[in-house]
Every structure is written in structure tokens, then in C-alpha cells.
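Coordinates in review
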Amino acid sequence: AGPVDSKNEAAMSELVPEPRQKPVVPMKPMGINTSLLGYIGIDTIIEQMRKKTMKTGFDFNIMVVGQSGLGKSTLVNTLFKSQVSRKSSGWNREEKIPKTVEIKAIGHVIEEGGVKMKLTVIDTPGFGDQINNENCWEPIEKYINEQYEKFLKEEVNIARKKRIPDTRVHCCLYFISPTGHSLRPLDLEFMKHLSKVVNIIPVIAKADTMTLEEKTEFKQRVRKELEVNGIEFYPQKEFDEDLEDKTENDKIRQESMPFAVVGSDKEYQVNGKRVLGRKTPWGIIEVENLNHCEFALLRDFVIRTHLQDLKEVTHNIHYETYRAKRLNDNGGLPPMTVETEENHESNL
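Okay, so let's go over this structure. (Residues numbered from 1 in each chain as written. Predicted model: local features only at pLDDT ≥ 70, side-chain atom pairs only at ≥ 80, totals over all residues. Heavy atoms only, no water.)

As a packed pair, helix α5 (residues 138–156) and helix α10 (residues 307–329) sit with axes 10 Å apart at the nearest point and diverge in direction by 75°. On the basis of the axis angle, α5 is roughly perpendicular to α10. Residue-level inspection shows Asn-145, Tyr-148, Glu-149, Phe-151, Leu-152 and Glu-155 of α5 in contact with α10, the latter providing Thr-314, His-315, His-318, Tyr-319, Tyr-322, Arg-323, Arg-326 and Leu-327. A class-by-class count of the residues in the contact of α5 with α10 yields six nonpolar, four polar and four charged. (Axes fitted to C-alpha atoms, helices over the stretch in contact; angles between N-to-C directions. Helix = DSSP H or I, 4+ residues; strand = E, 2+ residues; numbered from the N terminus. Parallel < 35°, antiparallel > 145°, perpendicular 65-115°, else oblique. Contact = heavy atoms within 4.5 Å. Nonpolar A, V, L, I, M, F, W, Y, C, P; charged D, E, K, R; others polar.)

All chains considered together, the criterion is met by 20 salt bridges. In this structure, a network of salt bridges that share partners links the residues Asp-240, Lys-246, Asp-250 and Arg-253. (Salt bridge = Lys/Arg side-chain N within 4 Å of Asp/Glu carboxyl O.)

Another point: the pairing of strand β7 (residues 267–270). In this structure, β7 lies alongside strand β8 (residues 273–280), joined through four bridges in antiparallel fashion. When the sheet's bridge partners are listed, Val-270 is paired in β8 with Lys-273. (Pairing = 2+ DSSP bridges.)

To continue, consider the side chain of His-170. Among the secondary structure elements, His-170 is positioned in the loop between α5 and β4 (171–176). Those residues in contact with His-170, other than ones at most four positions away along the chain, are Asp-59, Phe-60, Asn-61, Asn-199, Leu-310, Lys-311 and Thr-314.

Interpretation in functional terms is not warranted from these geometric data alone.
Printed below as a string of C-alpha cells:
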């Protein structure tokens, strides 16, 4: 039995390889003293990225939702300091109020300091203006999902474009009526459904109709109602990437939201300076004066600090959720429609 065993052992040793030695874990890289080695140029990467981005420019798509007469168009014009939103939601006596929600997208190219931004303002006239507003948020949700679908179809093409046109809604400004009481069922219903598919930023419109005490109280009440109803608005807590983000966003969530704003595209002379404002019998309400309203906070938030993050959350969270669901439902690919077949053939 001895020799047989030794033969078996030899055969087994051929089959079972000897356990490999664990690779040596490299030491943590030491900080290299570049002054000894000379300048490498790693810091130019930022400048390279800047140049590339400057050439391609930016897309930013902002949607405004709320009842007629809340100053949606005016506010967007004030945000971007140009006539980017027509008074499409306002209606003349000759015109009829839209029977259902209409979607109107207006595109512009804005340039500042050599940076080009293709801005699209999506207006929703007819929202909340009917006697029966049941399910009036559905056309808006449909429009948002259609833009995700458009992007997805471009993405799954065999020969896809180097730069896919981005029509996805990056930000939705939801206008709350300055009642001073509580949110309407329509407000809650809209935000409950749409907060899952788009970045919602709630704003209290025409805040100059409330006293400072009423404004503070109303803001707190709105925050409480959103919390009780489990409605997440942008910036969502779970998307804070680090402690710095969390600290900054917590301040916005607990103090600023919803922004109580006043919009105006009219200029007035105040103490020798030209300011955007609204004239009242008791003086001029300065739009960009923080003592008068929170418009400056909203503008800084949407454009100067969080614009890129709004785009990233749209792409990495809302679009990815839509994409995963669509691909999962259809076994990996969106269904081929006549349109996608034509695109497919033209690409080939």
C-alpha cells in the first residue's frame, strides 16, 4: 500500500498547485519633495480640463412649475439677467387658459467671461389653474421621462455620438403660493411624485406679500409638512458626498429652504445705484438685497455653487434609476421602435 500511496500523493501534488506566497503589500507612497526633483506639471490638468470644457460649453435645463400669476417667467429672467423666459404662462383676456398642462421649452445661449451656456427654460402653463387639478402633474412627469428615454436611445446606439445632446431636466423650481397657511394638496401631490424623478427646489413666490414674521413661520411650516409627508427636495441628504457637503447642505436644508423670493426685471435708482426691484407705495423692494428677500441666495445656490452638482445628481441618480428600470424591464435593451430602427440603419 505504501508505494501506491506515494504514487497517489505524487499525482495529487501535480493537480494541486502549491499555495502561492502572498504578494508583498507595497508601502504607502511617501510625499515626494518635488523641489528636489523639479517641476512636473500635474497642476496643469485643471487648466487642460478648463480649456476643453470652455470649447464644448455647458447645457443646463431648468423647469418652472406653479400656478399662473406667481411670477415664474419674471424670476427666471431675473436669475439669468436676460429675457430667457417668455411670459408664456401669463394670459391675455383674449387667450384662454390652457385646458391641460402644456410644456413649452425655450432655448438660449448665454455667454459670460468666455463661458457659453446653452440654457433651456421649460415652462408649464396650465398647471394648477383648473377647477379639477387631479393628476395634472402627469404631463410633466411624462415630459421628464421622455428626455431620459431620448438620452438612453442615443446611448445604446451602436455608433453613438461623441457628445449626446442633453435635454434632461436638471432642476425643477416649484413655486409655492405665499398663502402663509399650509401647502395645498396639489403641492404635496406634485412634489411626492416628481421628487423621485427630478431635482425639486421649492420656492415661495412673491414673498414681498408677507411680513418677515409670516415669512419665517411659513418657511418652517412648509419644511415641516414636506418632512411629515416624506418628500425629499434637492439637495437630498443621501447624496451628500462628504462632511463638507453635509455641513453646507444641512445649512441650506434647515435655514434657506424653501427660498422666499421676489423677482423683477425692472431697474430703479436707489442711493445712486441701479438695482433690480419692485416699486411699492412705501418704497422699492430690492431683489438682490438679502434684507428684502432671498433671491440672491437662490441664485448663488442654483448657479454659483450647485449647478454642476444638479447636473451630476440628474445623471448619476435620476437618469441611472430610469435607465436601470428600462433595461431591466426589456431584458437589457429598450424596445426597437420604427424611429430607433431607422437610427440603427443610418448608423450602420
